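One letter stands for each residue in the lines below.
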Amino acid sequence: MENRKVYLNEHTNLLQLEEHMYPLVDVQTPNVFRNLFHYDEIPKIAFNDRIVPHDMPDEIWITDTTFRDGQQSRAPYTTEQIVTIYDYFHRLGGPKGKIRQCEYFLYSKKDRDAVYKCLERGYEFPEVTSWIRASKKDFELVKELGLKETGVLVSCSDYHIFYKLKMTRREAMEHYLSVIRDCLEIGVSPRCHLEDITRSDIYGFVIPFCLELMNLMEEYKIPIKIRACDTMGYGVNFPGAVIPRSIPGIIYGLKNHAGVPSELIEFHGHNDFYKAVNNSTTAWLYGASGVNCSLFGIGERTGNTPLEAMVFEYAQLRGTLDGMDTTAISDLADYYEKEIGYRVPSRTPFVGRNFNVTRAGIHADGLLKNEEIYNIFDTGKFLNRPPLVAVSNTSGLAGIAHWMNSYFKLAEDRQVDKNSILVQRVKDWVDEEYETGRVTVLTDEELTTVIERICAEEGINL
Ligand SMILES: CC(C)C(=O)C(=O)O
């Protein structure tokens, strides 16, 4: 192992290879970290104030689980929908393949058809990879399909090992290693999903297990990926927090004590405590090259890390989009609404209908004077979504004209202004609404209905 280190054992004063520093701790009873997780109390975040240094890899990327974790939590996509979304990911990820991989179930014929169709596209990125039951038959299937890599579930907390698998840690580890050996034997690269890592014994199970995985990697000369799965969203990014909840601590341990190189470490987050995005960014900052996401965050329970969020995290950290075409994000949102029948909640950053809509009169006034005042960036350029001003009693003729021009995306030569009869009649209707006691802002639907009526009456073609 290239990265393997020799340590001085402070207790025996002997030099030791690092795998012997971290022997498996085969406990008799599960360690469920009751100090942090007492089921009838809210989980606790504890600190030991040990600070982990930043260690962002030279290259970082996004992988996608829309068709795996995403599909686990909603009605399945059709084959055609999967291929269309895959096409959008290809465009979004750009020529440098910043959306590096998409993972697919292989269980049914429909699943496999989607894989064939996506492979037929012949794109270099996103690479097609799979998720299977850990059996020899399924490994053969991966091979037959011509895939290089597959995900394998290796749950690592005692909650899973003792309560779900009914095994000891040693039994679980031996079972996992034999499955991974089967996978390597036929030349397929395993991606080990360390489920529930944020409730696991990092130095008593995860590091010894990953050291064994790195030995297997050396023996077979086939890459083995480690996916750190924050299955329940317990991970935190606060400096000085204790493991297993500390994402910096986990990534540091994988890199520095188990010797897993950055390009083989991936983080998979869940949003149960609203932390999926920050934890994923943190994983990048502390040494994981990959963050695994799902489009619009659609995934189990509260969902996964939203893929679109990490595109903008990437650009903020790196100072460049590196060729990513962010307008594909808005096209994907339209596609979901029109073709799949799913509307992203309206206040969702970057994609919700209202993400850049200003409602308060005083803000709208500022936005009309200079859009930089109340818009996060040039959302027209990056998302084809210029900022909108919602119409209320304080909008005035200019506000109503601005709403119409942006809502209907009117070309410059067709734009309306405050002298337009249409704008003046809409303003009369708005004034009447508020004079009769209305206190809420007007919805897009109400406005479009009134505009359609006035256009018909005045013979205007917008
Ligand atoms: C099933 C596992 C791999 C997972 O997706 C998770 O832990 O969140």
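Procedures and definitions
Residues numbered from 1 in each chain as written. Predicted model: local features only at pLDDT ≥ 70, side-chain atom pairs only at ≥ 80, totals over all residues. Heavy atoms only, no water. Axes fitted to C-alpha atoms, helices over the stretch in contact; angles between N-to-C directions. Helix = DSSP H or I, 4+ residues; strand = E, 2+ residues; numbered from the N terminus. Parallel < 35°, antiparallel > 145°, perpendicular 65-115°, else oblique. Left-handed = near helix turned anticlockwise from the far one by under 90°. Contact = heavy atoms within 4.5 Å. Nonpolar A, V, L, I, M, F, W, Y, C, P; charged D, E, K, R; others polar. Buried < 20%, exposed > 50% of the residue type's maximum accessible area, 1.4 Å probe, protein only. Pairing = 2+ DSSP bridges. Right-handed = clockwise from strand over helix to strand, strands pointing away. Domains from an automatic or database assignment. Buried area = accessible area lost by both parts, 1.4 Å probe. Salt bridge = Lys/Arg side-chain N within 4 Å of Asp/Glu carboxyl O. Near = heavy atom within 4 Å. Polar contact = N/O pair within 3.5 Å; in protein donor to acceptor, adjacent residues only side chain to side chain. Areas by Shrake-Rupley, 256 points an atom, 1.4 Å probe, with all protein chains shown as cover. Patch = residues over 30% accessible without salt bridge, like charges linked within 9 Å, V, L, I, M, F, W, Y side chains within 5 Å. Expected span 1.5 Å × (residues − 1). Arc of directions from axis to C-beta.

A. Region of the structure containing the packing of helix 10 (residues 276-285) against helix 11 (residues 307-318). Packing of helix 10 against helix 11 brings their axes to within 10 Å, and their N-to-C directions diverge by 40°. With respect to their mutual orientation, helix 10 and helix 11 come out oblique. In this structure, helix 10 crosses over helix 11, and the sense of that crossing is right-handed. Taken together, the residues of helix 11 that come into contact with helix 10 (itself represented by Val-277, Ser-280, Thr-281, Trp-284 and Leu-285) are Ala-309, Met-310, Glu-313, Tyr-314 and Leu-317. Of the residues that constitute the contact of helix 10 with helix 11, the class distribution is seven nonpolar, two polar and one charged.

B. Summary view of the pairing of strand 4 (residues 99-105). A large share of strand 4 lies buried, amounting to seven of its seven residues. Across three bridges, strand 3 (residues 61-64) lies against strand 4 in parallel orientation. Note that in strand 4 the partner of Thr-63 across the bridge is Gln-101. For strand 4 and strand 5 (residues 127-131), the ladder comprises five bridges, and the chain directions are parallel. Counted as the bridge partner of Phe-105 is Trp-131 from strand 5. In this fold, the crossover linking strand 4 to strand 5 by way of helix 4 (residues 109-120) has right-handed handedness.

C. Broad picture of the pairing of strand 5. Counting buried positions along strand 5 yields four of five residues, so the element is predominantly enclosed. Where strand 5 and strand 6 (residues 149-153) come together, two bridges link them in parallel fashion. The partner of Ser-130 across the bridge, within strand 6, is Thr-150. A crossover links strand 5 with its parallel partner strand 6, the connecting element being helix 5 (residues 136-144), and its sense is right-handed.

D. Spatial organisation of the domain arrangement of the chain. Its domain assignment divides the chain into domain 1 (52-340) and domain 2 (363-458). If you look at the interface, domain 1 gives six residues, while domain 2 gives six residues. For the pair domain 1 and domain 2, the summed buried area comes to about 470 Å², and 65% of that belongs to carbon and sulfur atoms. Broken down residue by residue, the surface that domain 1 buries against domain 2 is led by Phe-312, Thr-327 and Ser-330, which jointly contribute 69%. In this assembly, domain 1 and domain 2 are joined by zero salt bridges.

E. Representation of the site of the ligand in the model. By nearness alone, every residue bordering the ligand is listed as Arg-68, Asp-69, Trp-131, Leu-153, His-193, Glu-195, Cys-229, Thr-231, His-268 and His-270. Contact between the ligand and His-270: an oxygen atom at 2.9 Å from a side-chain N or O atom of the residue. With the chains in place, 91% of the 260 Å² that the ligand exposes on its own is no longer accessible.

F. Geometry of the pattern of salt bridges. Taken as a whole and judged by the stated rule, the model has 33 salt bridges. Linking Glu-59 and Lys-98 is a salt bridge whose minimum nitrogen-to-oxygen distance equals 3.3 Å. In this pair, Glu-59 sits in the loop between helix 1 (18-21) and strand 3 while Lys-98 sits in the loop between helix 3 (79-93) and strand 4, placing the two residues 39 residues apart along the sequence. Assessed through its relative accessible area of 36%, Glu-59 is described here as partly exposed. Under the relative-accessibility criterion, Lys-98 is labelled buried at 3%. The partner of Glu-103 in a salt bridge is Arg-191, with the nearest N and O atoms 3.9 Å apart.

G. Geometry of the sheet that holds strand 10 (residues 290-293). Here we have eight strands rolled up into a closed barrel, ordered 3-4-5-6-7-8-9-10, and parallel in their pairing. Averaged over all pairs of adjacent strands, the angle between strand axes in this sheet comes to 25°, irrespective of strand direction. On top of the sheet, helix 7 (residues 169-185) reaches strand 6 and strand 7 (189-194); it is set at about 155° to strand 7, its chief contact. Packed on one face of the sheet, helix 11 meets strand 3, strand 4 and strand 10 and runs near 175° to strand 3.

H. Up close: the packing of helix 8 (residues 202-220) against helix 9 (residues 247-257). Look at helix 8 against helix 9: their axes get within 10 Å of each other, and the N-to-C directions meet at 40°. Between helix 8 and helix 9, the angle is such that the two are oblique. Relative to helix 9, helix 8 is oriented so that their crossing is right-handed. Across from Ile-202, Tyr-203, Val-206, Ile-207, Cys-210 and Leu-211 in helix 8, the residues of helix 9 making contact are Ile-250, Gly-253, Leu-254 and His-257. Looking at the contact of helix 8 with helix 9 residue by residue, the class counts come to eight nonpolar, two polar and no charged.

I. View of unusual backbone geometry. With an omega of -10°, the peptide bond running from Phe-125 to Pro-126 counts as cis. Residues Ile-243 and Pro-244 are joined by a peptide bond in cis, for which omega reads 10°. Position of Pro-244 relative to the elements: it lies in the loop between strand 8 (225-229) and helix 9. Positive phi, normally seen in glycine, also occurs at Asp-322, with a value near 50°.

J. Up close: the side chain of Thr-129. In this structure, Thr-129 sits in strand 5. Excluding its chain neighbours within four sequence positions, the residues that come into contact with Thr-129 are Gln-101, Cys-102, Glu-103, Tyr-104, Leu-147, Glu-149, Thr-150 and Arg-191.

K. Seen up close, a nonpolar patch on the surface. On the surface, Ile-45, Phe-47 and Phe-238 cluster together into a nonpolar patch covering about 250 Å² of accessible area. Position of Phe-47 relative to the elements: it lies in the loop between helix 1 and strand 3. With relative accessibility at 46%, the residue Phe-47 sits in the partly exposed group.

L. Examining helix 17 (residues 444-458) more closely. Over its 15 residues, helix 17 runs 21 Å from end to end, which matches the ideal 21 Å to within 8%, given 1.5 Å per residue. Residues of helix 17 that are buried include every one of Asp-444, Leu-447, Thr-448, Val-450, Ile-451, Ile-454 and Cys-455, and no others. An end-on view of helix 17 places all buried positions within 165° of arc, on one side of the element. For helix 17, exposure combined with an orientation more than 90 degrees from the buried face picks out Thr-449, Glu-452 and Ala-456. The first or second residue beyond helix 17 is Gly-459, which carries a positive phi of 65°.

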